[in-house]
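# Observations on chain architecture
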Amino acid sequence: MEKETLRKRIGICNIIIAVLSALCIATYFFMPFWKISVSYNITAPVIEDTLNDLLASSDGESSEQPVEDLNIDATEIVGTEGVTLTLSVRLKTADVLASLGGDSVASVQNLIDDNVTNAIDELYPTLSKVVNNATKVTFKTTIYSTVRDKIKESTPDADAEEVERILDDAGITEEYINTKIEDMMGTIENGAPISTVSQEMVDAVDDACNKLNASDPEHFDKLSEADKEEVRKEIEEVLETIADKNGEINLNEYLAQIFLNLLGDEESGNDGEVVAPASYVSTASEPTVDNADISAVDELKIRLTDLIMDEIPANTAETIALVMKIVSGVFFFTAFTWLYLIIKILAKIKKPNNAIKLKLPIWLGWLPCSLLVFLPALAFSLLNSPSSFLVDIIGADAMGDITKTLSSIDVSFSSAGIISFAVAMALAIFSIAYYGRMRRKLRKIVKAEKASGKVASTYNGGDAEEAFAPVDYKSDDYDPDEVDMDGYDVDDNDNYDE
């Protein structure tokens, strides 16, 4: 009775173990085999420094405080806490297995194409929000700067506080400006062309100057046609950088259009003509710049993939493919450690002792996690807090530069192997606390039954030497907890009469 109860309990445990083992293998196909994520927080001071560089004068000398002079609040672009940009590079199990096909160039291109697509999909929402806020700030700055110039022309001695008072008296408040900007952003969201948006900007500036004129006609003039044309030209220059091929502004694609324009500048020769890719490694299709059926985002993905592949020599591609093949070997070994448990469970379903040992996956089933997560994380931790030993090896100056760079970014590692690690640790605890005890108890009962059967056969003319043979230490059935000093099975708690 006790034996059958133990077999049923172990059978239920074996089902759970088999399911967990299958889960450990399956997760490698639903999660990245390895993923490195780098996060960088863009704060308001970083934006201000960037804007100062962009607003530098043509001779290379920046103004004293250009951002403050233009009334640009960087917190309006990234918020008080800033925005976090996260870029990840991942290696999927499918990419690893594809490297076994033999075409190293194709496998590397698939890897790069997947990572470029993933990177753009990750960065695009955050960057779109930043650029969207920056566009609002640009509109706001244009209105404020034009109106302030009008005030300065009439009252050159007015300080910043006096200017703000004049604006408030004229009704040109923050709320008023924001209302105008939201109207323009709504026009952009509807897919309006550049001419429509620039005209709305001219109307907004003209309305603000009219309010200024209405508050004090003697000092402030209305906006002249020349001033209107200058405002229109300034806004159109900004909008042209984010408009599509048809001259329309699409909020979902204008960021991609900006990057495409930058890539176009990089690929242009001195004569202004686009330089065709010359790399023999690239296997991408023909350039799709003039393809009206493809979105700017998809076009950006293709162009970036081509650009990266053009920079990879053939021998480097082969080296990357070789590394991927080695990684595939690690995957197969790890998967085998878990598959072995399932095979053992199936093989022992009808055995008197249907329990199995769990040592192999507990010790080696989470090898990718240790190699791709724990070791790199430990290495980065040591670099962030370097010991004197590392400083002596690398050098104080180089170590200082590394620490400074790493302190500004957050690097994390992940892998599907983390699931295997969690399951392995759970099985280790489960084996020690429950399953291992049942396995040993059932094993003793089965041995006792065999021993009693041999003794009975001896009294009926059987082989006594076989019945009382010492335990074979090399046998798979050997358990040091079940033998005495002479090598014979003993268990004071076993009742052989049951």
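For the structure, check the block above.
What you are looking at is a predicted structure, and each value in this text was computed from that prediction instead of being measured. (Residues numbered from 1 in each chain as written. Predicted model: local features only at pLDDT ≥ 70, side-chain atom pairs only at ≥ 80, totals over all residues. Heavy atoms only, no water.)

### Here we look at the sheet that holds strand β1 (residues 34-42)
The condition that has to hold: In this scheme, strands are said to pair when DSSP sees at least two bridges between them. Only runs of H or I of at least four residues qualify as helices and only runs of E of at least two qualify as strands under DSSP, and these elements are numbered from the N terminus. Angular values range over 0 to 180 degrees, each being the angle between N-to-C directions of two axes fitted as lines to C-alpha atoms, with helices fitted over their stretch in contact.
In space, the 3 strands of this open sheet follow the order β2-β1-β3, with antiparallel pairing throughout. Unpaired on one side and paired on the other, β2 (83-91) and β3 (410-414) mark the two borders of the sheet. Mean inter-strand twist for the sheet, computed between neighbouring axes without regard to direction, equals 20°. Sheet topology note: the β1/β2 ladder contains 9 bridges and is antiparallel. Its bridge partner being in β2, Ser37 is matched across the sheet by Ser88.

### Considerations on helix α6 (residues 104-154)
Heads up, the condition is: Expected span of a helix, by definition, is 1.5 Å for each gap between consecutive residues, and there is one gap fewer than residues. Each residue is assigned a bend, namely the angle between axes fitted to the seven residues that terminate at it and the seven residues that start at it.
Taking 1.5 Å of rise per residue, the 51 residues of α6 would be expected to cover 75 Å, and the 71 Å separating its terminal C-alpha atoms lies within 8% of that figure. Along α6, the helix axis deviates most sharply at Tyr124, where the bend reaches about 40°; the proline Pro125 sits within four residues downstream.

### Considering the pattern of salt bridges
Threshold: Salt bridge, as applied in this entry: a Lys or Arg side-chain nitrogen positioned within 4 Å of an Asp or Glu carboxyl oxygen. In this scheme, a residue with accessible area under 20% of its type's maximum is buried, one over 50% is exposed, and one in between is partly exposed, where area comes from a 1.4 Å probe on protein chains only.
Tallied over the full model, the rule gives 16 salt bridges. When the shortest N-O distance is used, the salt bridge between Arg90 and Asp114 registers 3.0 Å. Taken together, the positions of Arg90 in strand β2 and Asp114 in helix α6 put the pair 24 residues apart, joining distant regions of the chain. Of the residues examined, Arg90 reaches a relative accessible area of 21% and is grouped as partly exposed.

### Here's the deal with the packing of helix α8 (residues 174-189) against helix α9 (residues 194-215)
Condition: Should an angle lie under 35 degrees it is considered roughly parallel, over 145 roughly antiparallel, and from 65 to 115 roughly perpendicular; all remaining angles are considered oblique. Whether a crossing is left-handed or right-handed is set by the direction in which the near helix is turned from the far one by less than a right angle, anticlockwise for left-handed and clockwise for right-handed. The criterion used for residue contact is that any of the two residues' heavy atoms lie within 4.5 Å.
Look at α8 against α9: their axes get within 10 Å of each other, and the N-to-C directions meet at 165°. In terms of their interaxial angle, α8 and α9 are classed as roughly antiparallel. Once α8 is placed against α9, the crossing between them reads as right-handed. Every residue of α9 that contacts α8 at Tyr176, Lys180, Asp183, Met184, Thr187 and Ile188 is listed here: Thr196, Val197, Glu200, Met201, Ala204, Asp207, Ala208 and Lys211.

### A look at the environment of Gly11
Topologically, Gly11 is positioned in helix α1 (residues 2-30). Classification of Gly11 by relative accessible area gives partly exposed; the value is 23%. In the structure, Gly11 is positioned 343 residues away from Asn354 in sequence and 7.1 Å away in space, judged by C-alpha atoms.

### Considerations on the nonpolar core
Filter applied, for reference: By convention a nonpolar core is built from buried Ala, Val, Leu, Ile, Met, Phe, Trp, Tyr and Cys residues, the set being connected through side-chain atoms within 4.5 Å.
Ranked by size, the top nonpolar core spans 62 residues in total, and within it Phe139, Ile143, Val147 and Ile172 carry the most contacts. For this core, the leading source of residues is α6, giving 14 residues. Leave out the neighbours within four places in its chain, and Val147 touches Leu167, Ile172, Ala208, Cys209 and Leu212. Among the nonpolar cores identified, the runner-up in size contains 36 residues, and Cys13, Ala355, Cys369 and Ile445 belong to it.

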